[in-house]
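# Architecture at a glance
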Amino acid sequence: MGGTCTAVIGLQWGDEGKGKIVDVLAGGHDAVVRFNGGANAGHSVVVGNERYALHLVPSGILFPGVKAVVGNGVVVDPEVLLEEIDGLEARGVDTSGLIISNRAHVVMPYHKLEDAVREDAAGKGGAAIGTTRRGIGPAYADKAQRLTAVRVGDLLNQEVLRRKVEIACCSKAPIVGDSSAEVDPVKVCERMLGCGRRLGERVQDTTYLLHDMLAEGGRLLFEGANATLLDVDHGTYPFVTASSTTVLGIGAGTGVPDRCIGAVLGVAKAYSTRVGAGPMPTEQDNEIGNWIRERGNEYGTTTGRPRRVGWIDLVALRYAVMINGVTHLCVTLLDVLSGLDELRLCTGYRYRGQVTERFVPDAAELSEVEPIYETMPGFSGEITNVRRFDELPAQAQAYLKRISAFVRAPIGYVSVGPERSQIIAVEPIGVEQEPIA
Ligand code: IMP
C-alpha cells in the first residue's frame, strides 16, 4: 500500500476547531473522509471573508481536486446534505468531488421527531441528554436494530425503499404520533426518493474507492465528528453521542484498517467547552466562564446554544490522547485566553476521598469528582498574528509546554485565530497548503 492516512480527532466534548485543522491540511491530501456522526457536527471554516458552516460535507470540499468522502459509518440526513450542496454551489464552490457511501445509513424524517419526543419525555424527569435533535441516536439505533434501517443505496431503489419505509413507519407511528406526515409512508418515500434522484451519481462503494486510492499512493485525511468524550463507548455515557468518535471508529466507519493510520492529530481547545447535559468537572459557571464564552464566541454552530465553558482538564485530555494514540497535539483558540491574569489547569481529581489522575468515563461517577488545579501566570497582548512558537509570550509558551508534558504528546500545531493562515506549525506533519483565497 503506497498511500498515507492521517486522522484529525477532537479530544474534548466537541467544537475544538477540528474543521480548521482539517482545512489547513486538506490541500496536501487527495481525500477528506468522514467516518462517524451526522448533521450533529458543525464545522466553521473561514476562508478570506467567507465563513462556511458545514455539517455533513467534509471540509475538504473547499479544495479543488480533493475528494470529500462520506463513509459508511456516517448517518446522512439527505435533505440537510442537499441543502449544504446547494449552499456551497450558490457560493461558487465545486462540489463534484463529494462522494457518499451507499452503505451509510439515512437519518429519516421520523428519526428527528423520535429524537425530540424521547428528549422531551426524558426532560420531564430531568434526564434529557440535550441532543442536537438531528435524529442521530434513533438513526444509529435503527442501524443496530436492522429491520427499520434505510441505507443511502436504498434511496436509489424505489421498491426496496417502499418496503423498508412501510415497516419503519408502522413501528415509529406509536412513538411520534400516527397522524404525523413523518410516518406517512407515501409522503416519506416521495421525499426520500426525490433526494435519492439528486444524490444518485455521488453514491458509491466508498470502501473500494478508498482502498483504490491508497493502492495508488493516495493521501487520505480522516475527519472525526463530535469528539472523544462524546464517544458512545469511551465517553461520559450516557451523555454522549451515538457513534464511535475516536480514531477507533475509522476502521468500522470506512473499511480502512487501523494499521494504515500514521499521524493522529488530536485537537483540543486551550480551555474546555461542552454543549448539552452531562458532567464537566472544570466548568466555570461564573464571570470567567462568561468572559471566555464571549471572547471565544462559544455558541453552537449546529444549534446556536451557548456552550458551557471551563478550564482545561488535563486528566480528561491525557485519557483522550491515550485512547486515540495521538501523535500530534493541536491546541486551538489560544488567542481567546489572552488577557487573563492567571490560567488554571486541572491536573487531578479528588474522587471519594482519593486523589487520582485517571479519567472517569461514566457520567454518574464523573459528576462526583472535584477538580484539583495548578495555576500558571496568564498572558496578554495580540497573538493572532504570531506564526512562530518562540514569538508567543513566554507565559503562553509555558502553558502549552505544561499541557504537552502532562498529556504526553508533542504539540504539532497551535491555532491563534479562526482563519486558515492563523496557525503556528510547531511540529507539522508536512502537508499544509498555502491558503487558496
Ligand atoms: P446527539 O449527537 O445529537 O445525539 O447529541 C448527544 C450529545 O452530544 C449532546 O450533548 C450534544 O450536544 C453533543 N454533541 C453531538 N455532536 C456534537 C458536536 O459536534 N459538538 C459538540 N457537541 C456535540
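Residues numbered from 1 in each chain as written. Predicted model: local features only at pLDDT ≥ 70, side-chain atom pairs only at ≥ 80, totals over all residues. Heavy atoms only, no water.

## Notes on the overall build of the chain
For the chain, the helix and strand inventory stands at 12 helices and 20 strands. Radius of gyration (C-alpha) of the chain: 21 Å, near the 22 Å computed for a compact globule of 437 residues. The principal-axis extent of the C-alpha atoms belonging to the chain is close to 65 × 50 × 40 Å. Scored against the burial criterion, the 437 residues of the chain give a buried share of 58%. Within the chain, the 54 negative side-chain charges are centred at a point lying 2 Å from the centre of the 44 positive side-chain charges. (Helix = DSSP H or I, 4+ residues; strand = E, 2+ residues; numbered from the N terminus. Rg over C-alpha atoms; globule rule 2.2 N^0.38 Å. Buried < 20%, exposed > 50% of the residue type's maximum accessible area, 1.4 Å probe, protein only. Lys, Arg positive; Asp, Glu negative; His and termini not counted. Charge placed at Lys NZ, Arg CZ, Asp CG, Glu CD.)

## Some details on the packing of aromatic side chains
Throughout the structure, instances matching the rule amount to 2 aromatic pairs. Summarising the aromatic geometry, the rings of Y319 and F359 are spaced 4.9 Å apart at their centres and angled 40° between planes, so their arrangement reads as tilted. With Y319 in helix α10 (residues 314-324) and F359 in the loop between β17 (354-356) and α11 (363-366), this residue pair connects regions lying 40 residues apart in the sequence. Exposure class is identical for Y319 and F359. Each is buried. (Phe/Tyr/Trp six-rings, centres within 6.5 Å; stacked < 30°, edge-to-face > 60°.)

## Overview of the site of the ligand
In the region of the ligand, 16 residues are neighbours, and N40, T132, N226, T241 and R305 sit closest. Between the ligand and the protein, one listed contact pairs a nitrogen atom with a side-chain N or O atom of D15 at 3.2 Å. Interatomic distance of 2.8 Å between a side-chain N/O atom of N40 and an oxygen atom of the ligand. Residue composition of the shell around the ligand, by class: 6 nonpolar, 8 polar and 2 charged. (Near = heavy atom within 4 Å. Polar contact = N/O pair within 3.5 Å; in protein donor to acceptor, adjacent residues only side chain to side chain. Nonpolar A, V, L, I, M, F, W, Y, C, P; charged D, E, K, R; others polar.)

## Considering the pattern of salt bridges
Using the criterion set out here, one finds 25 salt bridges in the structure. Across the pair E283 and R308 runs a salt bridge whose closest N-O atoms are separated by 3.0 Å. Remark: R308 occurs in strand β13 (residues 308-310) and E283 occurs in the loop between β12 (272-274) and α9 (287-295); sequence separation between them is 25 residues. A relative accessible area of 29% means that E283 is categorised as partly exposed. Of the charged contacts, one joins E374 and R402 as a salt bridge, the two residues approaching to 2.6 Å between their closest N and O atoms. Here the residue E374 occupies a position in strand β18 (residues 370-377), and R402 occupies one in helix α12 (residues 394-407), the gap between them amounting to 28 residues. Judged by its relative accessible area of 24%, E374 falls in the partly exposed class. If you follow the salt bridges from partner to partner, you end up with D15, K269, E298 and R307 in one network. (Salt bridge = Lys/Arg side-chain N within 4 Å of Asp/Glu carboxyl O.)

## What about helix α7 (residues 206-215)?
Here α7 has its buried residues at T206, T207, L209, L210, M213 and L214. Angular distribution of buried residues about the axis of α7 spans 165°; they occupy a single face of the element. Facing away from the buried side of α7 by over 90 degrees, the exposed positions are Y208 and A215. Sitting at the amino-terminal end of α7 is D205, which places a side-chain oxygen 3.0 Å from the backbone nitrogen of T207. Just downstream of α7 lies G217, where phi reads positive at about 90°. (Arc of directions from axis to C-beta.)

## Looking at the nonpolar core
Ranked by internal contacts, the top residues of the largest apolar core, which has 58 residues, are F222, L329, L334, L337, L392 and Y399. Here this core gets 6 residues from one element, more than from any other, and that element is α12. Setting aside its immediate chain neighbours within four residues, L334 contacts A270, F379, I383, L392, A396, Y399, L400, V414 and S415. Of all hydrophobic cores here, the second largest spans 40 residues; its members include L82, L98, A168 and V183. (Core = buried A, V, L, I, M, F, W, Y, C linked by side-chain atoms within 4.5 Å. Contact = heavy atoms within 4.5 Å.)

## A closer look at the sheet that holds strand β19 (residues 411-415)
Taken in spatial order, the 10 strands line up as β9-β7-β5-β2-β10-β1-β11-β15-β19-β20 in an open sheet, and their pairing is mixed. Single-partner strands in this sheet number two, and they are β9 (203-204) and β20 (423-425). One ladder, built from 5 bridges, connects strand β1 (residues 4-10) with strand β10 (residues 219-223); its direction is parallel. In the sheet register, T6 faces β10, and the bridge partner there is L221. Those strands touched by helix α1 (residues 18-26) are β1, β2 (31-34), β10, β11 (261-269), β15 (328-332), β19 and β20, and its axis lies near 160° from that of β1. (Pairing = 2+ DSSP bridges. Axes fitted to C-alpha atoms, helices over the stretch in contact; angles between N-to-C directions.)

## Here's the deal with helix α6 (residues 185-199)
End to end, α6 covers 21 Å across 15 residues, agreeing with the expected 21 Å (1.5 Å per residue, within 8%). Taken as a whole, α6 has its buried residues at V188, C189, M192, L193, C195, G196 and L199. Buried residues of α6 fall within an arc of 160° about the axis and therefore sit on the same side. The outward face of α6, more than 90 degrees from its buried face, is lined by the exposed residues V186, E190 and R197. Lining the buried residues of α6 we find α2 (78-90), β7 (98-101), β8 (105-106), α3 (109-124), α5 (158-176) and β9. The distance from a side-chain oxygen at the start of α6 to the backbone nitrogen of V186 is 3.0 Å, and the residue carrying that oxygen is D184. (Expected span 1.5 Å × (residues − 1).)

## Digging into the packing of α3 against helix α4 (residues 136-145)
Look at α3 against α4: their axes get within 7 Å of each other, and the N-to-C directions meet at 115°. When you trace α3 past α4, the crossing you get is right-handed. Between α3 and α4, the residues in contact are Y110, H111, E114 and D115 and I136, P138, A139 and D142, respectively. (Left-handed = near helix turned anticlockwise from the far one by under 90°.)

## Quick look at the packing of α5 against α6
Orientation of α5 relative to α6, taken along the N-to-C sense of each, is 135°, at an axis distance of 9 Å. With respect to each other, α5 and α6 are oriented oblique. You can see that α5 and α6 cross each other, and the crossing is right-handed. Two secondary-structure elements touch here, α5 through Q158, L161, R162, V165, E166 and C169 and α6 through P185, V188, C189, M192 and L193. Among the residues making up the contact of α5 with α6, the classes are represented as 8 nonpolar, 1 polar and 2 charged. (Parallel < 35°, antiparallel > 145°, perpendicular 65-115°, else oblique.)

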